[in-house]
Number of protein chains: 4
Amino acid sequence: MTASQAELLAEVLAEIGARAAAEADRGRVADYIPELAAIDPSQFGLSVVLADGSQHSVGDAEVPFSIQSVSKVFALAIALGRLGDRLWSRVGREPSGLAFNSILQLEHEQGIPRNPFINAGAIVVTDAALAGHAPREYLGELLRFIRAAASDDDIHINDAVARSETETGHRNFALAHYMRSHGNLENAPELTLGAYFHQCAVEMTCTQLARAGRFLMGAPGMPRMVAPGRVRRINALMLTCGHYDGSGDFAYRVGLPGKSGVGGGILVIAPGRASIAVWSPGLNAQGNSKLGTEAVETLARRMGWSVFG
Amino acid sequence: MTASQAELLAEVLAEIGARAAAEADRGRVADYIPELAAIDPSQFGLSVVLADGSQHSVGDAEVPFSIQSVSKVFALAIALGRLGDRLWSRVGREPSGLAFNSILQLEHEQGIPRNPFINAGAIVVTDAALAGHAPREYLGELLRFIRAAASDDDIHINDAVARSETETGHRNFALAHYMRSHGNLENAPELTLGAYFHQCAVEMTCTQLARAGRFLMGAPGMPRMVAPGRVRRINALMLTCGHYDGSGDFAYRVGLPGKSGVGGGILVIAPGRASIAVWSPGLNAQGNSKLGTEAVETLARRMGWSVFG
Amino acid sequence: MTASQAELLAEVLAEIGARAAAEADRGRVADYIPELAAIDPSQFGLSVVLADGSQHSVGDAEVPFSIQSVSKVFALAIALGRLGDRLWSRVGREPSGLAFNSILQLEHEQGIPRNPFINAGAIVVTDAALAGHAPREYLGELLRFIRAAASDDDIHINDAVARSETETGHRNFALAHYMRSHGNLENAPELTLGAYFHQCAVEMTCTQLARAGRFLMGAPGMPRMVAPGRVRRINALMLTCGHYDGSGDFAYRVGLPGKSGVGGGILVIAPGRASIAVWSPGLNAQGNSKLGTEAVETLARRMGWSVFG
Amino acid sequence: MTASQAELLAEVLAEIGARAAAEADRGRVADYIPELAAIDPSQFGLSVVLADGSQHSVGDAEVPFSIQSVSKVFALAIALGRLGDRLWSRVGREPSGLAFNSILQLEHEQGIPRNPFINAGAIVVTDAALAGHAPREYLGELLRFIRAAASDDDIHINDAVARSETETGHRNFALAHYMRSHGNLENAPELTLGAYFHQCAVEMTCTQLARAGRFLMGAPGMPRMVAPGRVRRINALMLTCGHYDGSGDFAYRVGLPGKSGVGGGILVIAPGRASIAVWSPGLNAQGNSKLGTEAVETLARRMGWSVFG
């Protein structure tokens, strides 16, 4: 990164931070998980790791938040490591065209979820990643993976959030039982969902999450957790499927692979250039962080980071 | 392009050409349009224009074919030029999750097609591009646009193919009438579809199509038909929606924006690096050229052109 | 009919007429066909023909109205007469669970409409009834059938209404083209729909319609237009499918086979006992005459005419 | 019943019994519940109770079988007795147009099942019938209701079958959790389904079931378990919704209200005339007893019992 680019980044981050602080319409905090509904919506943080390893942050970048569906990226990396391409017999690679928790598509396609980033698909991925181990062992591996990726051992699961999801997660139980009825769940729904709810309850700060995303940058000197070909493919899936039924819009506006979570966090990758984590609890109509989406749109445009030229 | 890259490209093209010639399973030629059903399935052509302006081809790259849905890219560029972002009130930007000619989604979403690259969306785009002009005038503008993009005046519409579609295009008539019943078609279905069928019947060779795609490369010295921001967005739409319900798979395997047509052609863009046209009439299960998809997968992997790093 | 039953019927009709006149909430007149939108919503008529041949009426029973979808019953009788059970290879016999003009189901079931009383099914029935004849000949036969059934030659087609539907009937054109694309339409959509729109534009009074329904009563001395087994089956279809997605509710509340039209008319059969025609232009949420439905519910309950005991 | 009718019935029953014994194509025994899959498919029984109280049987009419979904009729009667019309805020009254265990419709209609006779609707009915009581109490009431209706105390629940369903009933768990996520289940899914699976596991013989159906005949001298108006309405629901997506066909062919179960039993009511129970384990494509359907079609036609004249 040249000095002028560093200056530009500093300027853009300052601008983004100021605009986020001033924004009146901050979206709606998810209310279906009681523990998330209580989060203060005024918060906003963003952190960027560049290819030279430097990290640049703004706002509440050190406040831990529930990464929720962003965890699906790490789970996918683990499941692919364990099963390789056999995973794709159980889950597709196409955008869903439906809400994140839709069960309708499963009926059309005989219990095979369309991709690993909608809930049904992520449940199958977790089920596959369990691979005969107890949820506790899998969750241990997941934390080791994330901690190694982030080079930070202070990353944990919030048990209260996990429990909260277990109690209210009837839609996910419906998805799991439905797939089980089609033979596409190896473990008992309770067991797979136990692992899944805990996986979603991992807590990280923006600075931790941006570092954890380095393994997807495809840049020299970054942690290499999976093979380069797999990095490209995970990025491709994030771009086409990472924002539920707002994936096309995110690609159109931001032009970068990303994965959002209902906790308001988004992990965004600028291949070869940057790993970006943004967080703001209020969501837009598609269930993605409103201010977070706007921030990375500005960042990508100003820095010229779109993969589309 | 360095000498070693030029050598690599020559080697890769030779390899692709040889493999295509030898391939036994060539997919199925589309049979619903009589004029297309008669095409010899043994043909294969590929042409690449690089950022330095040089062009490299292999196989039947000088044989004209019906570009069919690839024309949707040019129509979109024209409609965006005419209407700007107002176009997005009539058509969405999300992958469809359904077959290219599905009418089901229109019922769910009140006559608003999900994106400009499925048939319903492209019909709306053409309807919008007409903007009060006669089909003849619009088709003249379309040809002028394509010829200027390709720097080649010898590009024409095959009237026999257009007529053939008019006679058998009941599914497209159903889509058009359906959208008209929802107030999302300004012109009579016959009129818009007349323009649409002729637009699909444009004939080009691989070398012409690769040159016509240069305006989407975002590289200096290339024809500039639309603004850079719009180029990025058209590329984003091609990546998320360019291959119907095989878009996710194409992104996963190839990692580049592309738009396929039922005639067996695909236009693929490697932003900043190359414009690629490939053609082979046999289609895979998703309705995209089987050998064409395989060829660009190899090309992108060997040249390191994926946008995902 | 005993003297006391005659008295009861007179009393019930008077009560129904009085209540209809006083009713404030009369539903909404259909507005998608301009000619229908202009009808005075304050009108209400009802006429009953009993098994002894006597006819009893109340309200505007001599005002002609557009029978619209009630015509589907007569068209079905003609098509079954022509094709017999072969008709059922082109249209099903199951309730649709969807709106009267849904196209969604056609996609699920490959162009085969679920029953002859939704629009798609009725279009197929008319297409089959044409059987190689010109629309004019078919419409002549339809009028002869209805006139013979009603013993009344003064029944006609309102050309202005037919033309009005032709001009605005984009949804029906969509259905017809869609079925044609699946090979389930023998004639050009324009031709079949020309016949269909004219068929819907037959005008009758309540007294005429009640008499025209006598052939479905299955009572001695009534006009015998079709075989007894077929009468029972047409009645069964009217009960399960005669009110679009309100068929279950009509069966629950009224307990009699009936077929409604968007013009506000309903033909209801009490097998062995009565043929009933009711008309009031305002529709309920399911698109069936609001006051008409309420009137036959009262009539059936008070007279003990439910087929369910 | 006149002597000649009695003779005719005897003749028809003998004929039905003989034909059933000789039939080669007996349909397919349901295999998704292990306990049912083991049933001998060669069995066939039929029993008729007439308005004069006489009972006439043929074949294996004394062999107990699992009534499965036929139990939904008794559960509905109990739930209506407890809640009255308030029940209809939680479940609709329209045919479903989909398979018996479809979850798709629930997504379209926000967790409100279309009718009480598809699985989702029956689960809601059981949930409502529980009304704060323990499953054991509800099941006690259900058995008391059925025993009183049948005038026979020797009717029991097969615990092995109930357990078998509990273990394999993932689709039903999916439905229950889905409705719970929409707030349309008052009890924990495990609790409601515990009651539901046991309810389905009631075992009866044809002679017992025919007697248990007498309360729906609407004839003098029969057990009066619910009010006459409610009898008519339950019959209406059986006619429009009693055979899943084969309801229209059953109404067309048989012309009588009926409710089938996956165990191969069907309860059929000829209002004012007869209560009929038929059983044969092999199912047709719609999941209804193949020989059972054919038998009641013959019976209704020969006896002139269709409600449609």
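This one's a predicted model, so the numbers in the text were calculated from it and none came from an experiment.

Thresholds applied
- Residues numbered from 1 in each chain as written.
- Chains lettered and ligands numbered in written order.
- Predicted model: local features only at pLDDT ≥ 70, side-chain atom pairs only at ≥ 80, totals over all residues.
- Heavy atoms only, no water.
- Pairing = 2+ DSSP bridges.
- Helix = DSSP H or I, 4+ residues; strand = E, 2+ residues; numbered from the N terminus.
- Axes fitted to C-alpha atoms, helices over the stretch in contact; angles between N-to-C directions.
- Contact = heavy atoms within 4.5 Å.
- Buried < 20%, exposed > 50% of the residue type's maximum accessible area, 1.4 Å probe, protein only.
- Least-squares fit on C-alpha atoms with pLDDT ≥ 70 in both.
- Buried area = accessible area lost by both parts, 1.4 Å probe.
- Salt bridge = Lys/Arg side-chain N within 4 Å of Asp/Glu carboxyl O.
- Nonpolar A, V, L, I, M, F, W, Y, C, P; charged D, E, K, R; others polar.
- Expected span 1.5 Å × (residues − 1).
- 1 Å grid on protein atoms, 1.4 Å probe; cavity = no way out; pocket = protein on both sides within 12 Å on 5 of 7 lines; lining within 4 Å.
- Points joined across faces, edges and corners; volume = space filled by probe spheres on them.

Enquirer: Explain the sheet that holds strand β3 (residues 55-59) of chain B residue by residue, including any values.
Expert: All names here are of chain B. The sheet built from five strands is open, its strands ordered β3-β2-β9-β8-β7 with antiparallel pairing. Each edge of the sheet is formed by a strand with only one pairing partner; in this case those strands are β3 and β7 (258-260). Taken over all neighbouring pairs, the strand axes of this sheet differ in orientation by 10 degrees on average, direction set aside. One ladder, built from five bridges, connects strand β2 (residues 45-50) with β3; its direction is antiparallel. Residue pairing for β3: L46 is matched across the bridge by V58. In the packing of helix α13 (residues 290-303) onto the sheet, the strands contacted are β2, β8 (265-270) and β9 (274-279), and the crossing angle to β9 comes to about 150 degrees.

Enquirer: Got a sec to walk through the pairing of strand β8 (residues 265-270) of chain D? Specific residues and values, please.
Expert: Residues and elements named next belong to chain D. Within β8, six of the six residues are buried, leaving the element largely enclosed by the surrounding structure. Neither face of β8 is left uncovered, since the one carrying G265, L267 and I269 and the one carrying I266, V268 and A270 both have all their residues buried. Where strand β7 (residues 258-260) meets β8, three bridges bridge the pair, whose relative direction is antiparallel. Residue pairing across strands places K259 opposite L267, the latter belonging to β8. If you look at the hairpin formed by β7 and β8, you'll find four residues sitting between the two strands, and G264 has a positive phi there, around 100 degrees.

Enquirer: Residues and numbers for the relation of the copies chain B and chain A, please.
Expert: Relative to chain A, chain B is turned by 180 degrees and slid 0.0 Å along the rotation axis, the superposed coordinates differing by an RMSD of 0.0 Å. Viewed as a symmetry operation, the transformation between the two copies matches a two-fold axis. Looking at chain B, 100% of its interface residues are interface residues in chain A too, so the copies touch through the same face.

Enquirer: Describe the interface of chain B and chain A, and please don't skip the residues or the numbers.
Expert: Across the contact, 29 residues belong to chain B and 29 residues belong to chain A. Note on chain B versus chain A: buried area summed over both sides is about 2,800 Å², and carbon and sulfur give 58% of it. In this structure, D245 of chain B engages R114 of chain A in a salt bridge whose closest nitrogen and oxygen atoms are separated by 2.3 Å. Elements with a contribution of two residues or more to the side of chain B that touches chain A: α11 (228-241) and α12 (247-253) of chain B. Among the elements that make up the side of chain B that touches chain A, the one with the highest residue count is α11 of chain B (seven residues). Classifying every residue of the side of chain B that touches chain A gives eleven nonpolar, nine polar and nine charged.

Enquirer: Which residues make up α11 of chain B, and what are the values?
Expert: Its 14 residues give α11 of chain B an end-to-end C-alpha distance of 20 Å, which sits within 8% of 20 Å, the value for a rise of 1.5 Å per residue. Of all the residues in α11 of chain B, the buried ones are V231, I234, N235, A236, L237, M238, L239, T240 and C241 of chain B. Where α11 of chain B is buried, its residues meet α11 (228-241) and α12 (247-253) of chain A together with α3 (71-83), α12, β7 and β8 of chain B.

Enquirer: So what's going on with empty space enclosed by the protein? Which residues, and what values?
Expert: Residues and elements named next belong to chain A. Following the criterion strictly, the structure yields five cavities of 30 Å³ or more and no others. Each pocket or cavity is described by its volume, and for the largest cavity that value is around 100 Å³. What lines the largest cavity is I16, R19, A20, E23, F44, L291, E294, A295 and T298. For the lining of the largest cavity, the secondary-structure elements that each account for two or more residues are α1 (3-22) and α13 (290-303). Looking at which element gives the most residues to the lining of the largest cavity, the answer is α13, with four residues.

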